[in-house]
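Secondary and tertiary structure notes
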Amino acid sequence: MLMAHPAVLPGLVDRYWALSVLDAAEGDSPVRGEIEDVERALCVATGTADVHAALIAARHHLPGTGTLDDSVLVTG
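In what follows, the accompanying structure is described. These numbers come from a predicted model, not from an experiment.

**Some points on helix H3 (residues 51–61)**
All of the buried residues in H3 are Val-51, Ala-54, Leu-55, Ile-56, Ala-57 and Ala-58. For H3, the elements touching its buried residues are helix H1 (8–25) and helix H2 (32–46). Between a side-chain oxygen at the N-terminus of H3 and the backbone nitrogen of His-52 the separation is 3.0 Å; the capping residue is Asp-50.

Below you can see the structure in the form of structure tokens.
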């Protein structure tokens, strides 16, 4: 599987969270399209199908991170 260069992931994750804050602050958000673009980029970069899985995968691949407990994830 192709994996994004580790230098790319922090920027995508930071951009996603920054846009999410803006999106939550406004009812009809003008940044929604940009969030969707970043979500797609995260999914492609991590080889996942949804943004939540992409964020978890990115976190595991970020420089300086180790294995974290994702026990709150529902399996099934």
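There's more to say after this.
**Thoughts on the side chain of Thr-46**
Topologically, Thr-46 is positioned in helix H2. A polar contact of 2.7 Å, which involves the side chain of Thr-46, links it to the backbone oxygen of Leu-42.

**Overview of the packing of H1 against H3**
Interhelical geometry of H1 versus H3 gives an angle of 140° and a closest axis separation of 10 Å. One way to sum up the angle between H1 and H3 is to call them oblique. The chirality of how H1 crosses H3 is left-handed. Contacts between H1 and H3 involve Leu-9, Val-13, Tyr-16 and Trp-17 from the first element and Val-51, Leu-55, Ala-58 and His-61 from the second. Across the contact of H1 with H3, the residue classes break down as seven nonpolar, one polar and no charged.

**Structural notes on the nonpolar core**
Core analysis: the biggest nonpolar cluster contains 16 residues, and Tyr-16, Val-38, Leu-42 and Leu-55 have the highest contact counts within it. Contributions of two or more residues to this core are made by H1, H2 and H3. For Leu-42, the contacting residues outside a window of four places in its chain are Leu-12, Val-13, Tyr-16, Thr-48, Val-51, Ala-54 and Leu-55.

**Comments concerning the packing of H2 against H3**
Packed helices, taken two at a time, are described by the angle their axes make and the gap between the axes. The contact between H2 and H3 brings their axes to 9 Å, and the two run at 55°. With respect to their mutual orientation, H2 and H3 come out oblique. For the pair H2 and H3, the sense of crossing is left-handed. Residue-level contacts link Glu-39, Leu-42, Cys-43 and Thr-46 of H2 to Val-51, Ala-54, Leu-55, Ala-57 and Ala-58 of H3. Considering only residue class, the contact of H2 with H3 consists of seven nonpolar, one polar and one charged.

Conventions used here
Per chain, residues are indexed from 1 in the order of the written sequence. Local features are withheld for residues below a pLDDT of 70 in this predicted model, meaning they are given only at 70 or higher, and side-chain atom pairs are given and counted only at 80 or more; totals for whole chains, interfaces and linings count all residues. To obtain the side-chain values, all non-hydrogen atoms of the structure were included, while hydrogens and water were left out. The classification of residues rests on relative accessible area computed with a 1.4 Å probe and restricted to protein chains. Under 20% of the type maximum is buried, over 50% is exposed, and intermediate values are partly exposed. Comment: elements are numbered from the N terminus, with helices defined as DSSP H or I runs of at least four residues and strands as E runs of at least two. By definition in these notes, contact holds between two residues if any of their heavy atoms fall within 4.5 Å. For the purposes of these results, a polar contact is taken to be a pair of N or O atoms within 3.5 Å, where, inside protein, one atom must be able to donate a hydrogen and its partner to accept one; residues adjacent in sequence count only when each atom of the pair is a side-chain atom. Axes here refer to lines fitted to C-alpha atoms; in helices the fit is confined to the stretch in contact. Angles between the N-to-C directions go from 0 to 180 degrees. Reported orientations rely on four angle classes, namely roughly parallel under 35 degrees, roughly antiparallel over 145, roughly perpendicular from 65 to 115, and oblique for the rest. Crossing chirality is assigned from the near helix's rotation relative to the far helix, an anticlockwise turn below a right angle marking it left-handed and a clockwise turn marking it right-handed. The residue classification treats Ala, Val, Leu, Ile, Met, Phe, Trp, Tyr, Cys and Pro as nonpolar and Asp, Glu, Lys and Arg as charged. All others, Gly included, are polar. Definition used in this section: a nonpolar core is a set of buried Ala, Val, Leu, Ile, Met, Phe, Trp, Tyr and Cys residues joined via side-chain atoms within 4.5 Å.

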